[in-house]
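Coordinate inspection notes
Read off the chains here:
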Amino acid sequence: MNSFTYCSPTEVLFGADTECRIARCVKNCGSHKAMLVYGGRSARESGLLDRITEALEDGGIAYLLFGGVRPNPTVSHVREGIARALEFGADLVVGIGGGSAIDTAKAIAHGAANPKKEIWDIWTGKERLKESLPIGVVLTIAAAGSELSNSAVLTNEELGRKQGLTTELNRPAFAIMNPALTISVPYYQKCCGIADIMMHTMERYLGREDNALTDALAEALLRTVVEQAGKLMKDPEDLDALSELMWAGSLSHSGLTGLGGQGDWACHALGHELSARFGVTHGASLTAVWPAWASYVYPQNQRRFEKYAKHVWGIEEEGEAAVQRAIEKTRRFFESLSLPVCLEDAIAQAAGENSAPGAAGAAAAESAAGTVSDEVLHELAFGCSRKGQQTVGHARELLEEDLYQIYRNACKGL
């Protein structure tokens, strides 16, 4: 096992009605003025926001509401949030929702603690991040795992660039997790969350060397997600399944399933370009490229993929045949969740959802003929490789031409 440093400082409150205990969590951080960051109608219409604000009022905590978070959160919205936080004098930021709300909250906390620094400069590493406000989470979907992770992702809509930031300052002080809050999440969004949970674990698992205990944890998590997803397909409101998936989502991105090894993250990089350009939902962007990526890179570490085949999917045969069966089983699993496994379907789906300003029209045009142009594939690869200046991935280091080939292989009929 390789050396590693691991720290998980987040206090987790898991179970029924835990959102009503938020005032204690805020006070434990030494905070008195909380900014609440959330999306749109669901937080209000479900009564969740009322329960949270009532608990804060009863606890003598002042609060500021800041809604409007969208999927693939944007820098412009974060800048607005930073200005509001500074005006209010927030000393803690709470993300209410899934990964988009949580990542927005993280970015606002960083910006509010560093008002003289431009947030995108912090995000790209041009400015060093040394301090932040405390961050809290009220989780409403099992997906991104941002509630326990040291990472966050933002989209710069002006540059058409989606980028992650990894820092221990991204770790929330507390995460409130009531599985019942996920019942009302639309089924498709639950499925996208399941894909994200799977990919956070597979990106770590398939990109490293053998590590007995960490591997066993990752394999158990993947098997659990597949099993619980099957239950959810029969009953989307199965609270036991939703509870297991919520905890799996947190563990999948806490770092625990990747200790002692180096992750790959190529699929996330490939998917981020699809989200930035076409507004593809994050989970769908990952399933759209994973089969093509896996088929392209496994010869570099076939034994690792054979282990995945055996311990996750129960495939007893060995060699290339086992790997191909595992890739096919994974692809079919994604399809069973009605998730795209090719670029055209992912882009067309995003166009139908109109999930990003300005992206839907472009997406519809790109997918109208049922194909993505070769020019667009090259542009995606160019962006993914940061203008050809860096390689992507660890299972196999991918150059710009490799990334183009994976995008091409992810198209229909290839």
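Structural notes, computed from the coordinates.

The next thing to look at is a negative patch on the surface. Taken together, the side chains of Asp50, Glu54, Glu57 and Asp58 present a region of like negative charge at the surface. We classify Asp50 as exposed; its relative accessible area is 52%.

What the six strands build is an open sheet, ordered E1-E8-E5-E4-E2-E3; its pairing is parallel. At either end of the open sheet lies a strand with only one pairing partner, and these are strand E1 (11–14) and strand E3 (62–66). Mean inter-strand twist for the sheet, computed between neighbouring axes without regard to direction, equals 15°. Relative to strand E5 (residues 135–139), strand E4 (residues 92–97) is paired through five bridges, and the arrangement is parallel. Within E5, the position partnered with Gly97 by the bridge is Leu139.

Another point: the nonpolar core. One finds Trp290, Trp293, Tyr308, Leu343 and Tyr407 to be the most contacted residues of the largest nonpolar core, which totals 80 residues. In this structure, Val37, Ile82, Ala90 and Ala107 belong to the second largest nonpolar core, which totals 29 residues.

So, about helix H5 (residues 99–113). If you check H5, its first and last C-alpha atoms are 21 Å apart, about what 15 residues at 1.5 Å a residue would give, namely 21 Å. Judged by how many residues are buried, H5 sits mostly within the fold: 14 of 15 residues are covered.

Packing of helix H11 (residues 282–297) against helix H14 (residues 343–353) brings their axes to within 8 Å, and their N-to-C directions diverge by 165°. In this view, H11 runs roughly antiparallel relative to H14, as classed from their interaxial angle. Handedness of the crossing formed by H11 with H14: right-handed. Across the interface between the two elements, Ala284, Ala288 and Val289 of H11 pack against Leu343, Ala346 and Gln349 of H14. Residues that form the contact of H11 with H14 fall into these classes: five nonpolar, one polar and no charged.

As enumerated under the stated definition, the model contains 18 salt bridges in all. The salt bridge involving Glu118 is made with Arg79; its shortest N-O contact spans 2.8 Å. On the criterion of sequence distance, the pair formed by Glu118 in the loop between H5 and helix H6 (119–124) and Arg79 in helix H4 (residues 75–88) is long-range, its members being 39 residues apart. With its nearest N and O atoms 2.7 Å apart, the salt bridge here joins Lys307 to Asp215. Placement of the pair is Lys307 in helix H12 (residues 302–313) and Asp215 in helix H8 (residues 212–234), with a sequence separation of 92 residues. On the basis of relative accessible area, Asp215 is assigned to the buried category, the value being 1%.

Conventions adopted
Residues numbered from 1 in each chain as written. Predicted model: local features only at pLDDT ≥ 70, side-chain atom pairs only at ≥ 80, totals over all residues. Heavy atoms only, no water. Patch = residues over 30% accessible without salt bridge, like charges linked within 9 Å, V, L, I, M, F, W, Y side chains within 5 Å. Areas by Shrake-Rupley, 256 points an atom, 1.4 Å probe, with all protein chains shown as cover. Salt bridge = Lys/Arg side-chain N within 4 Å of Asp/Glu carboxyl O. Lys, Arg positive; Asp, Glu negative; His and termini not counted. Charge placed at Lys NZ, Arg CZ, Asp CG, Glu CD. Buried < 20%, exposed > 50% of the residue type's maximum accessible area, 1.4 Å probe, protein only. Pairing = 2+ DSSP bridges. Helix = DSSP H or I, 4+ residues; strand = E, 2+ residues; numbered from the N terminus. Axes fitted to C-alpha atoms, helices over the stretch in contact; angles between N-to-C directions. Core = buried A, V, L, I, M, F, W, Y, C linked by side-chain atoms within 4.5 Å. Expected span 1.5 Å × (residues − 1). Parallel < 35°, antiparallel > 145°, perpendicular 65-115°, else oblique. Left-handed = near helix turned anticlockwise from the far one by under 90°. Contact = heavy atoms within 4.5 Å. Nonpolar A, V, L, I, M, F, W, Y, C, P; charged D, E, K, R; others polar.

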